[in-house]
Each structure stands twice: as structure tokens, then as C-alpha cells.
Amino acid sequence: MAKNYDYLIVGAGLFGATFAERMSQAGKRCLVIDKKNHIAGNCHTEKHGEIDVHVYGAHIFHTYSRAIWDYVNSFVEFNRFTNSPIANYNGEIYNLPFNMNTFHALWGVRTPLEAQAKIEQQRAEIRSEATNLEEQAIKLVGRDIYEKLIRGYTEKQWGRPCTELPAFIIRRLPVRFTYDNNYFNDPHQGIPTKGYDALVAAMLENCDLELNCDFFERRSELEALADRIVYTGPIDAYYDYCYQTLEWRSLEFETEVINVENYQGVAVVNYTDRETPFTRIIEHKHFNPCEQDDTVITREFPRDWELGLDPYYPVNDEANMEKFKLYKERADREERVLFGGRLAQYQYYNMDQVISEALQMAARELSRAEFDD
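Now for a quick tour of the structure.

Points about the overall build of the chain
Phase 1: Each helix and strand in the chain was counted, giving twelve helices and 16 strands.
Phase 2: Relative to the globule expectation of 21 Å for 373 residues, the C-alpha radius of gyration of the chain, 22 Å, shows essentially globular dimensions.
Phase 3: Expressed along its principal axes, the backbone C-alpha trace of the chain runs to roughly 70 × 50 × 35 Å.
Phase 4: Expressed as a percentage of the 373 residues in the chain, the buried residues total 54%.
Phase 5: Within the chain, contacts between residues at least 6 apart in sequence are counted, and of these 72% link residues at least 24 apart.
Phase 6: Looking at the chain as shown, the accessible area adds up to about 17,800 Å², and 45% of this sits on carbon and sulfur atoms.

A word on the nonpolar core
Phase 1: Formed by 58 residues in total, the largest nonpolar core has its most connected members in L8, F103, I145, Y231 and F339.
Phase 2: Counting residues per element, this core draws most heavily on helix α6 (residues 143–158), which supplies five residues.
Phase 3: Non-local contacts of F103, meaning those with residues more than four positions away in its chain, are made with F98, G108, V109, A115, I119, I145, V175, R176 and F177.
Phase 4: Core analysis: the next-biggest nonpolar cluster, separate from the first, contains 45 residues, F61, Y196, C207 and A267 among them.

Some words on the side chain of H62
Phase 1: Mapping H62 onto the fold places it in strand β5 (residues 61–63).
Phase 2: Side chain to side chain, H62 and D186 meet in a polar contact 3.1 Å long.
Phase 3: With sequence-adjacent residues up to four places away left out, H62 is seen in contact with F184, D186, H188, Q189, N350 and D352.

Let's talk about helix α2 (residues 66–73)
Phase 1: Every buried residue of α2 is listed here: I68, W69, Y71 and V72. For α2, the angular spread of buried residues about the axis comes to 160°, placing them on one side. Opposite the buried face of α2, at more than 90 degrees from it, the exposed residues are R66 and A67.
Phase 2: The backbone nitrogen of A67 has a side-chain oxygen 3.3 Å away, supplied by the residue at the start of α2, namely S65.

A few points about the pattern of salt bridges
Phase 1: This structure, assessed with the given rule, holds 26 salt bridges.
Phase 2: Two residues, R303 and E306, come together in a salt bridge whose shortest N-O distance is 3.7 Å.
Phase 3: Residue classification places R303 among the partly exposed residues on the basis of a relative accessible area of 26%.
Phase 4: Look at E306 and you get partly exposed, because its relative accessible area is 45%.
Phase 5: Counted as one network, the salt bridges with shared partners bring together E125, R143, E147, R151, E155 and R274.

Some remarks on the sheet that holds strand β2 (residues 30–33)
Phase 1: The five strands lie next to each other as β9-β2-β1-β10-β16, forming an open sheet whose pairing is parallel. Each edge of the open sheet carries a strand with a single partner, namely β9 (208–210) and β16 (337–339). Recorded for the sheet is a direction-independent mean angle of 20° between the axes of neighbouring strands.
Phase 2: In terms of strand pairing, strand β1 (residues 5–10) meets β2 through four bridges, oriented parallel. By the bridge assignment for β2, I9 is matched with V32.
Phase 3: The sheet strands contacting helix α1 (residues 14–25) are β1, β2, β10 (226–231) and β16, and the helix crosses β1 at an angle near 165°.

Conventions and cut-offs
- Residues numbered from 1 in each chain as written.
- Predicted model: local features only at pLDDT ≥ 70, side-chain atom pairs only at ≥ 80, totals over all residues.
- Heavy atoms only, no water.
- Helix = DSSP H or I, 4+ residues; strand = E, 2+ residues; numbered from the N terminus.
- Rg over C-alpha atoms; globule rule 2.2 N^0.38 Å.
- Buried < 20%, exposed > 50% of the residue type's maximum accessible area, 1.4 Å probe, protein only.
- Contact = heavy atoms within 4.5 Å.
- Areas by Shrake-Rupley, 256 points an atom, 1.4 Å probe, with all protein chains shown as cover.
- Core = buried A, V, L, I, M, F, W, Y, C linked by side-chain atoms within 4.5 Å.
- Polar contact = N/O pair within 3.5 Å; in protein donor to acceptor, adjacent residues only side chain to side chain.
- Arc of directions from axis to C-beta.
- Salt bridge = Lys/Arg side-chain N within 4 Å of Asp/Glu carboxyl O.
- Pairing = 2+ DSSP bridges.
- Axes fitted to C-alpha atoms, helices over the stretch in contact; angles between N-to-C directions.

Bear in mind that shape data such as this cannot, by itself, settle questions of function.
Here is the structure:
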């Protein structure tokens, strides 16, 4: 069978789209496939009237890199969205990230020195090396913040008590002694004004695309179409789980149209008590404000991952990393297959990191091709 393409790219998310865009601009023929019925992976958005609904949870683009920011803005227009979530602890409202507004609501303090003294006093509870996440959190920010803003949310997110979670999950916790509710420090922040699908569509303009295409169901046929393959799916699935499955946490989403203009006044509210079954409510209208009589909210429920569910958060504990090491060693020996993205690299990435990794891979490939020529 003749090879019709230079690259078969498995996955039409940000990694696959970025790699495909760079290679197609260099004159390479690319076929991009995805088993879902849409592009853009987990940052896929759908319209409800004028509201862009983030189908797989909130996706807010933020980056320190002006080059990455200029790159994505070369395809579509981004708005300026400042993420200022709040936390709801049994009806008590606190600003995130932890800042002077949070500390004033907790303790009535008004100055940075007062807040620092309170936190230092509470941090002293844990004097030895932290042996679990609970001790690590208290050692970083004290008992009050841990109990009201960390414990319940984290236990729901990971499905186990904080005393049974490793300390390394929270190596640091951002604490600001300013009255600043901007969640991210990055200078460049925003969301595509026409949704993420518009961004990815523009990136794939010069590529062939096939949706509803399961790589594993047509593997031999698809592999024969291209000289090289970029695989962005789960690395353990590529090798038929020969070293056992890697563990993930998954999510379920409950989306509802509410017949009010404004449901919660902010895009994201975290529910940090243990009893509320969901971790947060997203109100999509606030991502890209519009005038519309109704609104759309999504409740986010963490759950254990199993085959058939979408993987979201890698469980990067020692046992899983040992398995991943075996998969990576095998992947590194592949001659015509490249592995990229969070699923293939078993690592949580922000969107700008995904794009950066894909740009670097594309640059290496172009250098290799130039050397071969």
C-alpha cells in the first residue's frame, strides 16, 4: 500500500493540532484522526445560544511565554479573561487563590504582617518532615486554611483521605499577601472568543482530518498510510497494557440550563467541604460574557478511572511511575512513532505546556528531515 502521508497524527487535541500545523506549513502531508466526533480534545466547546460551553470542564489559557501567546493569537482572537474563582465552604465564601481577601474573611486580619503571623503560628503545628498530604498542607499554610479550603476538595479529587495521600502532591501552595484575586500569575491570559474548536480548526486547515476514527480498530490500515506516526493517546493502550494499566482519576459532568441570567456571579465556584459530592460548579457564560436570558452550569464530579472512561489526572505515585518507566523505555526505542501530550507522557500539562512540547517536537522533526535530505 502506498504511503499517502508523511505523518499520521493520532489525536486532534492541542498537541496533535500544533504538531500538524507546523508540519503542514513546512509542506508535509498530515492525516489527523480522532476517535471522538469533534476536534479540540478536552478543550472542546459547544454553543448554547451565544454561550460557549466547556464540555470537559473549565479551560482557561494562560502562559508566561509571549511566543506561545502570539502563536495561538495568530489563528484566532482571544479575550482577556481573569480567573477569579471563589470557594464555598458550607456556605462560607472565600476568595482564591489564598490572598489577603481570604485571610480577612478567615481571621479578620487587615495587613500582610497580621496574616503572616497567623499562618506562621499555625504552620508550627507540624515541625517534622511531612509524611502525608495533610501534614504537608498544614506545614505550608496552617490548620484553618487546610480544613476549610484544601481537605474536602482534595479528598474528593483523589478519592481518599489526605492522610493516605503522599505529601509530594502539594509541594507548594501559592499564598499572596496582597488583595489580588487573579488566580494565575501569567501575564497572558484569555479564552478564544469563538471557542477552542475555532482555534484547532484554523490550525488543521491544511491537513486531512477524520473523526469517529478509532486508531486501534483500524491500526494496520492507518499505520500503512504514513511514514511516521505521532501518537497522543494513553501510552499503555498503545502497548496493549503489557505492563498493566496506568492509574488515572476521571471526571463526570452534569450540565444544566438554568432559566436565570446569572446563576453564581463567577465562572468557577469550588465546593471545599467533604459532604458536597461535586468539587465545583462552572457557569460558562462568564468565560466569554454575552447577553442571554438563560445560563448554563456544569457540576464536576471526580471519580475512579476505569477502561472506557476519559482519563484526566495521572496518579503519579511510585507504583505508577515504575510502570510508566517501562512503557517509556519501550517507546524510546520506536523508530517511526513519536509520543506526545499528557496521555502519552503520563503527565499533567497546562495548555501552553502542551503547545510548547508539540512545537519542540515539530522543530526536532524538521531538523531531522533536513539532515536526512
